[in-house]
Amino acid sequence: MPIINVSVTGEPDAKLSAAIAKDITGITAVQLRKDPTITAVAVSYIDPQHWFAGGKSLAEHGTNTFWLDIKVVDGTNTKLELEAYLKAIFDAFGRLLGGVHEESYALVHEVPAAAYGFGGKSQEFRFISGRLKAA
């Protein structure tokens, strides 16, 4: 049930947004074991003249970049899984955007289960309810 916010350089492009959502949802399912049916992805676009890396705009660099911000429940992934996820994300955006500037970022926020949820219920509530039903 992660929420994934993605910003990329360029003009809004519905086909690219759909490809980003599909690839990122798949990578998140494989690398972080998150259910793709409840993964949300929001894609936004920023003009490369307004995104800077090393003091120069991405337009000046002549390349693209991305910022991915994902929230997951704390303790549900290992350091090795997170490492593999970050690499897979960088590689995917390289393919999707036709190469990316090295100063492209992904951040995995690990948040407490009691403070995170969807449909009006926290992940902690869902965990406890599931355990009680199993008992």
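Check the entry above for the structure.
If you're wondering where the values come from, they're calculated on a predicted model, not measured in any experiment. (Residues numbered from 1 in each chain as written. Predicted model: local features only at pLDDT ≥ 70, side-chain atom pairs only at ≥ 80, totals over all residues. Heavy atoms only, no water.)

*Asks:* For this particular structure, what's the right way to read the sheet that holds strand β1 (residues 3–9)?
*Replies:* Where strands meet in a sheet, backbone hydrogen bonds hold them as pairs that are either parallel or antiparallel. Across the sheet, four strands lie side by side as β2-β1-β5-β6; this open sheet has mixed pairing. Lying at the two open borders of the sheet, with one neighbouring strand each, are β2 (40–46) and β6 (105–111). Taken pair by pair, the neighbouring strands of this sheet meet at an average axis angle of 15 degrees, ignoring direction. (Pairing = 2+ DSSP bridges. Helix = DSSP H or I, 4+ residues; strand = E, 2+ residues; numbered from the N terminus. Axes fitted to C-alpha atoms, helices over the stretch in contact; angles between N-to-C directions.)

*Asks:* Help me out: how do you make sense of the packing of aromatic side chains in this one?
*Replies:* Taken as a whole and assessed by the stated rule, the structure comprises two aromatic pairs. When the ring of F66 is compared with that of F90, the centres are 6.1 Å apart and the planes differ by 55 degrees; the resulting orientation is tilted. Of the two residues, F66 is situated in strand β5 (residues 66–73) and F90 in helix α3 (residues 79–97); the sequence distance between them amounts to 24 residues. Exposure remark for F66: the relative accessible area of 2% places this residue in the buried category. Accessibility expressed as a relative area gives 31% for F90, which makes it partly exposed. Between F66 and F93, the aromatic rings sit 4.2 Å apart at their centres with planes inclined by 15 degrees, giving stacked as the arrangement. Of the two residues, F66 is situated in strand β5 and F93 in helix α3; the sequence distance between them amounts to 27 residues. When its relative accessible area of 0% is taken as the criterion, F93 is described as buried. Through pairs of rings, three or more aromatic residues link up here, namely F66, F90 and F93. Over the face of the ring belonging to F118 we find R126, whose NZ or CZ atom lies 3.8 Å from the ring centre. (Phe/Tyr/Trp six-rings, centres within 6.5 Å; stacked < 30°, edge-to-face > 60°. Buried < 20%, exposed > 50% of the residue type's maximum accessible area, 1.4 Å probe, protein only. Lys NZ or Arg CZ within 6 Å of the ring centre and 35° of its normal.)

Read these as spatial facts, not as claims about activity.
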